[in-house]
Amino acid sequence: MKKLKVTVDGKTYEVVVEMAGETAPAAHAAPAPVAPAPTPAPVAAPAPAPAPAPAAPAGNGTPIVASMAGKVVSVDVTVGQTVAVDDQVVTFEAMKMKQNVYSTVAGKVTAILVNPGDAIEEGQPLVTIA
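Summarised in this report is the structure supplied together with it. Source: prediction; values computed, not measured. What you see as residue numbers is a count from 1 along each chain, following the sequence as written. With pLDDT at 70 or above as the cut-off, local features in this predicted model cover only qualifying residues; side-chain atom pairs require 80 or more to be listed or tallied, and sums for whole chains, interfaces and linings still use all residues. In computing side-chain properties, one takes all heavy atoms of the structure into account and sets aside hydrogens as well as water.

**Section: unusual backbone geometry**
One can expect most non-glycine residues to show negative phi and most peptide bonds to be in trans. Notably, Asp 86 is not glycine yet its phi reads approximately 75°, a positive angle. Segments assigned H or I by DSSP are reported as helices when at least four residues long, segments assigned E as strands when at least two residues long, and all are numbered from the N terminus. Tracing the sequence through the fold places Asp 86 in the loop between strand E5 (82-83) and strand E6 (88-94). For Met 95, which is not glycine, the phi torsion reads 55° and is therefore positive. Tracing the backbone through its elements, the reader meets Met 95 in the loop between E6 and strand E7 (97-102). Buried, partly exposed and exposed residues are distinguished by accessible area as a fraction of the type maximum, computed with a 1.4 Å probe on protein chains only: under 20%, between the cut-offs, and over 50%, respectively. Given a relative accessible area of 65%, Met 95 falls into the exposed group.

**With respect to the side chain of Thr 91**
Counting through the fold element by element, Thr 91 comes out in strand E6. Accessibility expressed as a relative area gives 7% for Thr 91, which makes it buried. Only 2.8 Å separates the side chain of Thr 91 from the side chain of Gln 88, close enough to count as a polar contact. What Thr 91 contacts, discounting residues up to four positions off in sequence, is Val 72, Val 73, Ser 74, Asp 76, Lys 98, Gln 99 and Asn 100. Think of a polar contact as two N or O atoms within 3.5 Å of one another; within protein, one of them needs to be a possible hydrogen donor and the other a possible acceptor, and neighboring residues in sequence only count if both atoms come from side chains. Between two residues, a contact is recorded if the distance between any of their heavy atoms is within 4.5 Å.

**Here we look at the nonpolar core**
In this description, a nonpolar core means a group of buried Ala, Val, Leu, Ile, Met, Phe, Trp, Tyr and Cys residues linked to one another through side-chain atoms lying within 4.5 Å. One finds Val 89, Val 90, Val 101, Ile 120 and Leu 126 to be the most contacted residues of the largest nonpolar core, which totals 16 residues. Those elements that provide at least two residues to this core are E6 and strand E10 (125-129). Of the residues forming this core, the biggest block, 4 residues, is contributed by E6. Every residue in contact with Ile 120, bar those within four places of it in the chain, is listed here: Ala 66, Met 68, Ala 69, Gly 70, Lys 71, Val 72, Phe 92, Val 114 and Leu 126.

Structure (structure tokens):
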């Protein structure tokens, strides 16, 4: 058994943690009251760094990028296919949910940059449309 102090939202609690494989003692003493820890002055979190611009994919066209990291389930277009704004171009899985990626421009698919099963990162170009 180990006694630990845990601070949650500025309040300190004394807890007893049983280590795996140890047997619990027959009786527990009442926990001693612990004075709350002083609340530190709030510190402004640094602004997140802007995401780097994705590298321009090979070929001409507008890159259609992933909104979050995941795994490609299907590529729903082919090179040379004409697409309209809001046509589905790729399906990927993130957090056990399927996410559809839609074209943000009208034109012809000039490149497919991923394959089903590929791991993708947020902001990664998936297809290009010109």
